[in-house]
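If you want the building blocks of each chain, they are given just below.
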Number of protein chains: 4
Amino acid sequence: MDLIANLQCADQPGIVHAMTTAVLNCGGNIIENQQFTDHTTNTFVMRTRFETSQGLAAAEKSLGDGLGKFSPALHIRETAKKPRALVMVTKESHCLRDLMYLLELGELPIEIPLVVSNREDLKQLVESHGITFMYLPVDASNKAAQEKALLAKVAELKIDFVVLARYMQVLSNDFCAALPGKIINIHHSFLPGFKGAKPYHQAHDRGVKIIGATAHFVTADLDEGPIIEQDVAHVTHSSSPEELIALGRDIERRVLAKAVKLYAEDRIFIVGHRTVIFS
Amino acid sequence: MDLIANLQCADQPGIVHAMTTAVLNCGGNIIENQQFTDHTTNTFVMRTRFETSQGLAAAEKSLGDGLGKFSPALHIRETAKKPRALVMVTKESHCLRDLMYLLELGELPIEIPLVVSNREDLKQLVESHGITFMYLPVDASNKAAQEKALLAKVAELKIDFVVLARYMQVLSNDFCAALPGKIINIHHSFLPGFKGAKPYHQAHDRGVKIIGATAHFVTADLDEGPIIEQDVAHVTHSSSPEELIALGRDIERRVLAKAVKLYAEDRIFIVGHRTVIFS
Amino acid sequence: MDLIANLQCADQPGIVHAMTTAVLNCGGNIIENQQFTDHTTNTFVMRTRFETSQGLAAAEKSLGDGLGKFSPALHIRETAKKPRALVMVTKESHCLRDLMYLLELGELPIEIPLVVSNREDLKQLVESHGITFMYLPVDASNKAAQEKALLAKVAELKIDFVVLARYMQVLSNDFCAALPGKIINIHHSFLPGFKGAKPYHQAHDRGVKIIGATAHFVTADLDEGPIIEQDVAHVTHSSSPEELIALGRDIERRVLAKAVKLYAEDRIFIVGHRTVIFS
Amino acid sequence: MDLIANLQCADQPGIVHAMTTAVLNCGGNIIENQQFTDHTTNTFVMRTRFETSQGLAAAEKSLGDGLGKFSPALHIRETAKKPRALVMVTKESHCLRDLMYLLELGELPIEIPLVVSNREDLKQLVESHGITFMYLPVDASNKAAQEKALLAKVAELKIDFVVLARYMQVLSNDFCAALPGKIINIHHSFLPGFKGAKPYHQAHDRGVKIIGATAHFVTADLDEGPIIEQDVAHVTHSSSPEELIALGRDIERRVLAKAVKLYAEDRIFIVGHRTVIFS
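What counts as what
Residues numbered from 1 in each chain as written. Chains lettered and ligands numbered in written order. Predicted model: local features only at pLDDT ≥ 70, side-chain atom pairs only at ≥ 80, totals over all residues. Heavy atoms only, no water. Helix = DSSP H or I, 4+ residues; strand = E, 2+ residues; numbered from the N terminus. Buried < 20%, exposed > 50% of the residue type's maximum accessible area, 1.4 Å probe, protein only. UniProt positions renumbered as here; feature names shortened; annotations may be inferred. Contact = heavy atoms within 4.5 Å. Buried area = accessible area lost by both parts, 1.4 Å probe. Salt bridge = Lys/Arg side-chain N within 4 Å of Asp/Glu carboxyl O. Polar contact = N/O pair within 3.5 Å; in protein donor to acceptor, adjacent residues only side chain to side chain. Nonpolar A, V, L, I, M, F, W, Y, C, P; charged D, E, K, R; others polar. Least-squares fit on C-alpha atoms with pLDDT ≥ 70 in both. Axes fitted to C-alpha atoms, helices over the stretch in contact; angles between N-to-C directions. Parallel < 35°, antiparallel > 145°, perpendicular 65-115°, else oblique. Left-handed = near helix turned anticlockwise from the far one by under 90°. Expected span 1.5 Å × (residues − 1). Arc of directions from axis to C-beta. Domains from an automatic or database assignment. Pairing = 2+ DSSP bridges. Phe/Tyr/Trp six-rings, centres within 6.5 Å; stacked < 30°, edge-to-face > 60°.

A.B. asks: Mind showing me how you'd approach unusual backbone geometry here?
C.D. replies: All names here are of chain B. Non-glycine residue Asn42 carries a positive phi angle of around 50°. By secondary structure assignment, the location of Asn42 is in the loop between β2 (29–38) and β3 (43–51). With relative accessibility at 37%, the residue Asn42 sits in the partly exposed group.

A.B. asks: Looking at this structure, I do not really get the UniProt feature "domain: ACT" (unreviewed entry) in chain A. What am I missing?
C.D. replies: When the UniProt feature table is mapped onto this chain numbering, "domain: ACT" (unreviewed entry) sits at residues 4–77 of chain A. Strand forms 42% of residues 4–77 of chain A and helix 32%; the C-alpha atoms that close the span are 5 Å apart.

A.B. asks: What exactly am I supposed to notice about the interface of chain C and chain A here?
C.D. replies: Size of an interface, as often reported, equals the accessible area lost when the parts are brought together. Of the residues lining the interface, 13 residues belong to chain C; the matching set on chain A comes to 13 residues. Carbon and sulfur atoms supply 44% of the area buried between chain C and chain A, which totals about 1200 Å² over both sides. The three residues of chain C that bury the most area against chain A are C:Arg97, C:Tyr101 and C:Arg253, which together make up 42% of that side's buried surface. If you look at where chain C meets chain A, you find 6 salt bridges. Measuring nitrogen to oxygen at the nearest pair gives 2.0 Å for the salt bridge that ties C:Arg249 to A:Glu107. Applying the counting rule to chain C against chain A returns 6 residue pairs in polar contact (both at pLDDT 80 or more). Sorting the residues of the side of chain C that touches chain A by element identifies α3 (94–105) and α8 (241–264) of chain C as the ones contributing at least two each. With 6 residues, α3(C) is the largest single contributor of residues to the side of chain C that touches chain A. Across the side of chain C that touches chain A, the residue classes tally to 3 nonpolar, 2 polar and 8 charged.

A.B. asks: Before we go on, may I ask you to explain the relation of the copies chain C and chain A in this structure?
C.D. replies: One copy of the chain maps onto the other through a rotation about an axis followed by a shift along the same axis. Turning chain C through 180° and shifting it by 0.0 Å along the axis lays it on chain A, with an RMSD of 0.0 Å. Taken together, the rotation and translation relating the two chain copies correspond to the operation of a two-fold axis. Taken as a fraction of all interface residues of chain C, those also at the interface in chain A reach 100%, which identifies the copy contact as same-surface.

A.B. asks: For this particular structure, what's the right way to read the relation of the copies chain B and chain A?
C.D. replies: Superposition record for chain B on chain A: RMSD 0.0 Å, screw rotation 180°, translation along axis 0.0 Å. Taken as a fraction of all interface residues of chain B, those also at the interface in chain A reach 100%, which identifies the copy contact as same-surface.

A.B. asks: Got a minute to help me understand the packing of helix α1 (residues 15–25) of chain A against helix α1 (residues 15–25) of chain D in this structure?
C.D. replies: In a packed pair of helices, the relevant descriptors are the angle between the two axes and the axis-to-axis distance. As a packed pair, α1(A) and α1(D) sit with axes 9 Å apart at the nearest point and diverge in direction by 140°. Classified by the angle their axes make, α1(A) and α1(D) are oblique. For α1(A) against α1(D), the interelement crossing comes out left-handed. Together, A:Val16, A:His17, A:Thr20, A:Thr21 and A:Leu24 of α1(A) and D:Val16, D:His17, D:Thr20, D:Thr21 and D:Leu24 of α1(D) make up the contact between the two elements. Tallied by class, the residues present in the contact of α1(A) with α1(D) amount to 4 nonpolar, 6 polar and no charged.

A.B. asks: Would you take a moment to explain the side chain of D:Asp38 for this structure?
C.D. replies: Residues and elements named next belong to chain D. One can find Asp38 in strand β2 (residues 29–38). Polar contacts involving the side chain of Asp38 include one to the side chain of Thr41, which spans 2.6 Å. Of note is the side chain of Asp38, whose polar atom sits 3.0 Å from the side chain of Arg274. Once residues within four sequence positions are removed from consideration, Asp38 is found in contact with Thr43, Val271 and Arg274.

A.B. asks: Help me understand helix α5 (residues 143–156) of chain A, please; the structure alone is not making it clear to me.
C.D. replies: Because each turn of an α-helix spans 3.6 residues, side chains separated by three or four positions end up pointing in the same direction. Residue and element names in this part refer to chain A. When the terminal C-alpha atoms of α5 are compared, their 20 Å separation across 14 residues agrees well with the 20 Å that a helix rising 1.5 Å per residue should span. Looking only at α5, the buried set comprises Gln146, Glu147, Leu150 and Val154. Buried residues along α5 cover an arc of 95° about the axis, so they all sit on one side. Exposed side of α5, more than 90 degrees from the buried face: Ala144, Ala145, Lys148 and Ala155 are the residues found there. Immediately beyond the C-terminal end of α5, within one or two residues, lies Lys158, with a positive phi of roughly 50°.

A.B. asks: Any chance you could explain the packing of helix α3 (residues 94–105) of chain B against helix α8 (residues 241–264) of chain B here in plain terms?
C.D. replies: Residues and elements named next belong to chain B. Relative orientation of the contacting elements α3 and α8 amounts to 45°, with a least axis distance of 9 Å. Considering their axes alone, α3 and α8 lie oblique with respect to each other. For the pair α3 and α8, the sense of crossing is right-handed. Facing His94, Cys95, Asp98, Leu99 and Leu102 of α3, the residues of α8 in contact are Arg249, Glu252, Arg253, Arg254, Leu256, Ala257 and Val260. A per-class count over the contact of α3 with α8 returns 6 nonpolar, 1 polar and 5 charged.

A.B. asks: Explain the domain arrangement of chain A to me, please; I cannot follow it from the model alone.
C.D. replies: Residues and elements named next belong to chain A. Domain assignment breaks chain A into domain 1 (2–78) and domain 2 (84–277). Here the C-alpha centroids of domain 1 and domain 2 sit 31 Å apart. Carbon and sulfur atoms make up 50% of the surface buried where domain 1 meets domain 2, a total of about 950 Å² over both sides. Here domain 1 is connected to domain 2 by 2 salt bridges. For the pair domain 1 and domain 2, the interface holds 7 residue pairs in polar contact (both at pLDDT 80 or more). Elements that contribute at least two residues to the side of domain 1 that touches domain 2 include exactly β1 (2–10), β2 (29–38), β3 (43–51) and β4 (73–78).

A.B. asks: Where do I start with the sheet that holds strand β9 (residues 183–187) of chain A in this structure?
C.D. replies: Strand pairing in a sheet relies on backbone hydrogen bonds. The paired strands run either parallel or antiparallel. Residues and elements named next belong to chain A. With mixed pairing, 7 strands are arranged side by side in an open sheet as β7-β6-β5-β8-β9-β10-β11. Only two strands of the sheet have a single neighbouring strand rather than two, namely β7 (132–135) and β11 (227–234). Put simply, the sheet's adjacent strands are angled 20° from each other on average, direction ignored. Looking at chain direction, strand β10 (residues 210–217) and β11 are connected through 7 bridges and run antiparallel. Each residue of the ladder has a partner; that of Thr214, found in β11, is Gln230. The strands touched by α5 are β5 (84–89), β6 (111–117) and β7; relative to β5, the strand with the most contacts, the crossing angle is about 155°.

A.B. asks: Looking at this structure, I do not really get the packing of aromatic side chains. What am I missing?
C.D. replies: For any pair of aromatic rings, the description consists of the separation of the ring centres together with the inter-plane angle of the planes. Under the criterion given, the structure shown has 14 aromatic pairs over all chains. Taken together, A:Phe161, A:Phe217 and A:Tyr263 form an aromatic cluster joined through their ring pairs.

A.B. asks: In this structure, what is going on with the interface of chain B and chain A? I would like to understand it.
C.D. replies: Facing 33 residues of chain B, the contacting portion of chain A comprises 33 residues. In this assembly, chain B packs against chain A so that about 2700 Å² is buried in total across both faces, 58% of it on carbon and sulfur atoms. Three residues, B:Arg206, B:His237 and B:Arg274, lead the burial of chain B against chain A; their summed loss comes to 28% of the area buried on that side. Taken together, chain B and chain A are joined by 1 salt bridge. With a shortest N-O distance of 3.1 Å, A:Glu224 and B:Arg206 are connected by a salt bridge. Applying the counting criterion to the chain B and chain A interface returns 15 residue pairs in polar contact (both at pLDDT 80 or more). Counting residues per element, the ones that place at least two in the side of chain B that touches chain A are α7 (199–206), β11 (227–234) and β13 (274–277) of chain B. Per-element tally for the side of chain B that touches chain A: the top contributor is β11(B), with 7 residues. Class assignment for the residues of the side of chain B that touches chain A results in 13 nonpolar, 12 polar and 8 charged.

A.B. asks: Just checking my understanding: could you explain the pattern of salt bridges for this structure?
C.D. replies: Between side chains of opposite charge, a pair can form as their charged atoms come close. Tallied over the full model, the rule gives 93 salt bridges over all chains. In this structure, C:Arg84 and C:Glu111 form a salt bridge, with 2.9 Å as the shortest nitrogen-oxygen distance. Here C:Glu111 lies in strand β6 (residues 111–117) and C:Arg84 lies in strand β5 (residues 84–89), a separation of 27 residues in the sequence. Several salt bridges share partner residues, and in doing so they unite A:Asp98, A:Asp231, A:Asp250, A:Arg253, A:Arg254, C:Asp98, C:Asp231, C:Asp250, C:Arg253 and C:Arg254 into one network.

Below is the structure:
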């Protein structure tokens, strides 16, 4: 059985040794092992992938016993068990298309039991891929109720994380707080470059020579969550705002897909306001 | 004789035809011809490189007569006559080293008659390359006088443009206004990303996955002048602020050198707050 | 009416002037004008986009008369009339998916009246997008006949160019010769790096740190046609051949889509063994 | 004391645990730990950086005893002790300039006790940086003798590795065999793209849209040694061979400097024909 153990705790001597001992004690053989110490917060994080014939429970006991003294945040997952994502969209399809395309290609180790949208535009596209589509219109009057219904779905469908694939509604602080470090958003701009509306028009007005996109975790402060992945493309004076938007779509879908893949493979740790990513 | 004509005027029909006629009329043969119309400002810009045996004066008369009806901003230069740059530095040498290195390699078609600094740290480096070094200390009490002395040098040495190669003093609005579109600065950050002090520390705190540098023209609003060139590099959580600074140096020197080369070849037009660059 | 005129002829004085005169003579106003002289072959190429109310025929006559003395290859197209592409695939879908996706997004100014494949794997995908699918199995015994049938389709459907979107059959020299400069292939490697079979395995064995893809015109010598577009991605020792293939797919689809867009906008000139591209 | 231990052996269970035990046994605290298993050769490599107050000898004994049963290739270095590089050049200075520049900046943790050249062109440049320059002319008649003198210098000056910074002489197989995995070359091309002479002219003739450079270890088969680092830049039809060469210089110097830095920090392992690099 192939397992991934993610550990996060205060930095101190002996952690790696304790982990390797604990892995040996459950008959495990380490396949990958990555670690990092963030000195600004004195935080130690480690991702250990190992094989064992003794199963998940035995591994959890062995690592729990062996590492308990460091009172770590410890999470062990069987790699065969794919994380379940709830994808939220509005009317732009490019990010969703890429996720479904990679899923069908077998390159994205996740399940997508449900796509939720505040509009019906993408219903047919989603259902043509055999995925359930849920229409969840949102306005000031029903927002709280709709988000409650959404959280119910998250529980019912055993959702592991939420992907905002160009979902153009702001989620309430309560909703974000209910799923800390479990909501990934694609920001159609190179943060902290251009926040707010029409970033590509802002980029055009400013005459920038490079545009980009940013995938980040969602926190109460919408565009300020920990950054997961960013990419850019060179542009020139001849690019109209519309051309920047088209070019931006291509960057957005690649950056979001990359971030979702990193999350699905347990490669992301949130340390303070930053992410540690073992790629 | 090899000439470059740069023309900028309100967009209207017949400009290209008038230019090609005027070039023919002075016995010229067009080698390169690039044009662009900025629709947001209805501005037309054109860069025409041509050869003629009749010399600069004849070309200036022919183009002046033929294009006068468009009341353009028209500038004709003999390519053999290299633009003269005054380079300003403080104590960081990486951008200056690259400029001198490319100059010695014959890759940068400019002359550097003078390097000015508010510190003496780089005196020996500059003089070891056979370039005159001028120490010009600046404080609140003498700033106006020193900038006046600087402008006198610009006139005396027939300086075409000023390059701020990590010059850590803010120039007065009067000084900037005296050399509009003739001062190039390297901003050690990916604008509009991180302005102000210690951008690489800001970038580290924000946990960005990409850092960059920006070369731009200097206006009264220091970091808001028209952008000439930008480049970036991917970074990870493991990069310390010091490592980001080191990586940033490499981007800065390349971006500034590229911008200076574009300027030296008359490839940059300022249109509103943006640049049009014929690369 | 918006027109694009592409001209190619031996370099000589007066061409630009003749073009601008001819455009004026048919009441045209130049919107874009790009030119380049390839000194290795003394070839001059120019792409001129202009507006005229007098229509295509008048423009063709005016430019034909005015430029005839240069005996150019001259091609004028109404931009509203989209080039028609025949796309050929085998069983890999990523490049085809991207083309259809961009088409539906309105970002790719072409029509795809037919997709041809030597296998039936992608039939449903193609038809679900409302595009006709033609199954054309090929083996040694029927190759000549099948290619003849294909050329008949090209004529019948008024196909302007053929896109090999991961078509894994080698076309005969006769077929290539019948459509010179009209067949675009995506090579799943960074030419001239790794030719032949399994380039990503070759790349892995060689331990390269960068992989890429190349879009090029097809000539009798399969991998040696003029290169249109290339892109790359950095990789590490940890990437398995399978991971390189997955990463390669992402590069391939972007590079092919870019090349098709350049072709569809008449931005590509073939000069000797190289391409001149006005982007 | 800050130490780096590099270990390479056949893959088997318990290695990481043995390492962490051995580090604890000499009072060490692990700061960095990276590992990788190459499945094609079943080779395990690990780089462990740790601090201990017991000194190098104690660490060597503890790790030697604890890991001996894996019969590994084990190398432990005190990070304060900088590797010593012998740099070889001919007449092009750009790579050498970058190495000296980064050295003076304090960004390259090496010592350069000697620069050797088969020409005298760069003598003054080298000596102006306070580095000893050795003129070692080579022709068919004296090559063996000169290489013997060179190996004597390597021994006398306790050289750890040799950097060919655009050294345009082919080293004999005997010389390469005498310093296995200790000679780094910058190939002025994107391998395996263009080998042999004038790669940028080859690239221009082929009309490639991207050029690059490759840093690799030197083996008897000159351009086929394990690749350390590669980088590229986009080019267009308008770039002349001379412009490609100039652009190539900028890539070459960055790629070589990066490779030397990786080597100086013990981040490179040679596994079969490939490198494993812990960046």
